[in-house]
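Observations on the three-dimensional arrangement
The residues making up each chain are set out below.
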Amino acid sequence: MSTLAESGRDPALAWLECELPAGEGWTHELAAGSVLRIVDLHGNQAVDTLFFDAHNYANRYSAVDTIREQGSTYLGVGSRLLALDGEPLVSIVADTCGRHDTLGGACSQESNVVRYGEHTRHMHACRNTFLAQALRWGRGLDKRDLTANINFFMNVPLTPDGDLDFADGISAPGRYVELAADRDTLVLISNCPQLNNPCNGYDPTPVRLLVWSGA
Amino acid sequence: MHAAVDVPKLDLTLPGGGSLARVCRRASALTLVDLEGGANVAALLYLAKNPLERYCMPDTLKAQHVSRLTSGVALYSDMGRVLASIVHDSCGWHDTITGHTTPALLAARWGPRSYQQARNECRRSARELLLIELAKHGLGPRDLIANINFFTKVAIGADGELSYVREHSPPAASVTLRFELDTLVVLASTPHPLDPDEQWRPRPVGLVIEHAAQAAEDDPVRRACPENERGFAASEATLL
């Protein structure tokens, strides 16, 4: 999936617009029918994102169900992001990047140590941001809810031989992705602070978030 | 550390459509045998003493730069430790990115069949079986994670397109896990959701559980990459 599709939505009509600095988190209930746009302001910024059925957090985004049912490992326009019940939470309705990852997971202190060595243990990491957001949100969200995530704007190519790589991003300043909520959906975002691989171009940067109501 | 005990080898058969949850101890090995060929075994792994720590597909793949599982690959927890290593594999490719059957999928693809209709030939999806086994250990839907599909290959094309590979696993194909930490293993022997077979034909799987030597300094899985050396060290550090 590398089809590009621009959006006709007018930022002036968005009812919410904010900038999320690198290393920060954001939690938001997206009502059915509303649309979230994530703008990669400076290019090559991974935006780690979790989705939950707002009325049943146990029914959350499932990467494996999503890629199996769409028959492809990458996400793009037309991808329906399925929950464990097999029904979509949100769908990608516009995209000027062309490819998004959902197999690379979110960085953590522990995975950083495995991948890069002990000296990275105390670097900031997405799963710490997610835990902080979950604790702040409350309502029973905890570590068990940190399962599959999407890495918007991140490029993790898989090869027919069974290999996987973290490659330079294919995003660029100003590129964006838009998600329409198929039902009431809780969104958790960690704007990735990873400094040890090319997912953020070694320079994590802010993203802009806009929300339009469905009406 | 566990004292050496003289327990005989366990040799079990998991019938097609069956499920099982069992704690496999550090320094034991579990061999799965595809008795008839064409089996699929959905598998979940949790650290036995704290199931909040569990198999992590993304961490496993990115630590080792792989998108499939085979011999030489370590199975990582989400806390940076190696739960188990694949020390033998005659199959070459086991899937971990395409999930398992749900009741809705089974009904749509193969049609439901109740116990009342079919007695123990009734059809139950991997989702139902895994959740029942998890519930026996106090775990639930929030503990569902991306599973392994032993004996299944879903090939990945140049643009990420998926295609199920038929007859990937021949009769007597086998794969062996050596456990680096005490691990709760949950298995369901049900067809893969992309299996094109018009018949619902779950296959039986042999399970052999036996003692295994702990990973030596020059163990090929430990030495496969610097990441694995750190992952093994993290597992061993919990034994202090």
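Note that this is a predicted model, so its numbers are computed, not measured. Going along each chain's sequence as written, the residues are numbered from 1 onward. For this description, chains carry letters from A and ligands carry numbers from 1, given in the order in which they are written. Only residues with pLDDT of at least 70 get local features here, since the model is predicted, and only at 80 or more are side-chain atom pairs given and counted; chain-wide, interface and lining totals rely on the full set of residues.

**Some remarks on the overall build of chain B**
- A tally of regular secondary structure across chain B gives 5 helices and 12 strands.
- In this setup the radius of gyration rests on C-alpha atoms only. A globule is expected at 2.2 Å times the number of residues raised to 0.38. The globule rule puts the C-alpha radius of gyration for 240 residues at 18 Å, and the 17 Å found for chain B is close to it.
- Expressed along its principal axes, the backbone C-alpha trace of chain B runs to roughly 55 × 45 × 35 Å.
- Considering chain B as a whole, with its 240 residues, one finds that 52% of them fall into the buried category.
- Taking contacts inside chain B between residues at least 6 apart in sequence as the whole, the part at least 24 apart equals 77%. To qualify as a helix, a DSSP run of H or I must reach at least 4 residues; to qualify as a strand, a run of E must reach at least 2; elements of each kind are numbered from the N terminus. Any residue with 12 or fewer other C-beta atoms within 10 Å of its own C-beta is exposed, any with 20 or more is buried, and the rest are partly exposed; the C-beta atoms used are placed from the backbone. Throughout, a residue-residue contact means that the two C-beta atoms, derived from backbone geometry, are no farther apart than 7 Å.

**Some points on the overall build of chain A**
- A tally of regular secondary structure across chain A gives 3 helices and 11 strands.
- Tracing chain A from N to C terminus, the helices and strands come up as β-β-β-β-β-α-β-β-α-α-β-β-β-β.
- Relative to the globule expectation of 17 Å for 215 residues, the C-alpha radius of gyration of chain A, 16 Å, shows essentially globular dimensions.
- Considered along the principal axes of its C-alpha atoms, chain A spans approximately 50 × 40 × 35 Å.

**Let's talk about the interface of chain A and chain B**
- With 34 residues of chain A at the interface, the matching set in chain B holds 38 residues.
- Mapped by element, the contributors of at least two residues to the side of chain A that touches chain B are α1 (63-70) and α2 (109-116) of chain A.
- Nonpolar residues are Ala, Val, Leu, Ile, Met, Phe, Trp, Tyr, Cys and Pro. Charged residues are Asp, Glu, Lys and Arg, and all others, Gly as well, are polar. When grouped by side-chain class, the residues that make up the side of chain A that touches chain B number 14 nonpolar, 11 polar and 9 charged.

**Quick look at the packing of α2(A) against helix α5 (residues 226-237) of chain B**
- Two elements in contact, α2(A) and α5(B), have axes separated by 7 Å at closest approach and are oriented at 130°. With respect to each other, α2(A) and α5(B) are oriented oblique. Along the contact surface, α2(A) presents Val113(A), Val114(A) and Arg115(A), while α5(B) presents Glu227(B), Arg230(B) and Gly231(B).
- Partitioning the contact of α2(A) with α5(B) into residue classes produces 2 nonpolar, 1 polar and 3 charged. Between N-to-C directions, angles span 0 to 180 degrees; the directions come from axes that are lines fitted to C-alpha atoms, helices contributing only their stretch in contact. Small angles under 35 degrees read as roughly parallel and large ones over 145 as roughly antiparallel, with 65 to 115 read as roughly perpendicular and the rest as oblique.

**Digging into the environment of Asn228(B)**
- Note on placement: Asn228(B) falls in helix α5.
- Residues Asn228(B) and Asp195(B) lie 33 residues apart in sequence; the distance between their C-alpha atoms is 33 Å.

**Focus on the sheet that holds strand β4 (residues 41-47) of chain B**
Residues and elements named next belong to chain B.
- Two strands make a pair as long as DSSP finds a minimum of two bridges between them. Strand order in this open sheet of 4 strands is β2-β11-β4-β7, and the pairing throughout is antiparallel. In the strand order of this sheet, the two ends are held by β2 (19-24) and β7 (148-150), each with one partner. Each neighbouring strand pair of the sheet contributes to a mean axis angle of 25°, computed without reference to strand direction.

**Concerning the environment of Val154(B)**
Residue and element names in this part refer to chain B.
- Among the secondary structure elements, Val154 is positioned in strand β8 (residues 154-156).
- Overall, Val154 belongs to the buried group, with 24 C-beta atoms counted inside 10 Å.
- Sequence separation between Val154 and Thr31 is 123 residues, and the spatial gap between their C-alpha atoms is 22 Å.
- Those residues in contact with Val154 that sit more than four places away from it in its chain are Asp95, Thr98, Leu162, Ser163, Tyr164, Val165 and Leu194.

**Points about unusual backbone geometry**
Residue and element names in this part refer to chain B.
- Phi is positive for His65, which is not a glycine, with a value near 55°.
- As for its position among the elements, His65 is in the loop between α1 (57-64) and β5 (74-76).
- With 15 C-beta atoms counted inside 10 Å, the residue His65 sits in the partly exposed group.
- Phi at Glu167 is positive, roughly 50°, even though this residue is not glycine.
- With respect to the helices and strands, the residue Glu167 is situated in the loop between β9 (162-164) and β10 (173-179).
- Taking the number of C-beta atoms within 10 Å as the measure of exposure, Glu167 has 8 and is therefore exposed.

**A closer look at the nonpolar core**
- Here a nonpolar core is just a set of buried residues of the types Ala, Val, Leu, Ile, Met, Phe, Trp, Tyr and Cys, joined wherever their C-beta atoms sit within 7 Å. Counting residues in hydrophobic clusters, the biggest one holds 118 residues, and the most contacted among them are Ile38(A), Val41(B), Ala43(B), Leu45(B), Leu83(B), Val185(B) and Val186(B).
- The greatest single-element share of this core, amounting to 7 residues, is contributed by β4(B).

**Overview of the sheet that holds strand β3 (residues 35-40) of chain A**
Residue and element names in this part refer to chain A.
- Read across the open sheet, the 6 strands follow the order β1-β11-β3-β9-β7-β6; overall the sheet is antiparallel. Here the strands that pair on one side only, and so sit at the sheet edges, are β1 (16-20) and β6 (80-82). Averaged over all adjacent pairs, the angle separating strand axes in this sheet is 20°, with direction ignored.
- As paired strands, β6 and strand β7 (residues 88-95) are joined by 3 bridges and run antiparallel to one another. Paired with Leu82 across the two strands is Pro88, which belongs to β7.

**Some remarks on α1(B)**
- The buried fraction of α1(B) amounts to 8 of the 8 residues, a majority that puts the element mostly inside the structure.
- Residues Met57(B), Pro58(B), Asp59(B), Thr60(B), Leu61(B), Lys62(B), Ala63(B) and Gln64(B) constitute the buried set of α1(B).
- Its buried side turned inward, α1(B) meets α2 of chain A together with β5 and α5 of chain B.
- Directly beyond the C-terminal end of α1(B), a positive phi value near 55° is found at His65(B).

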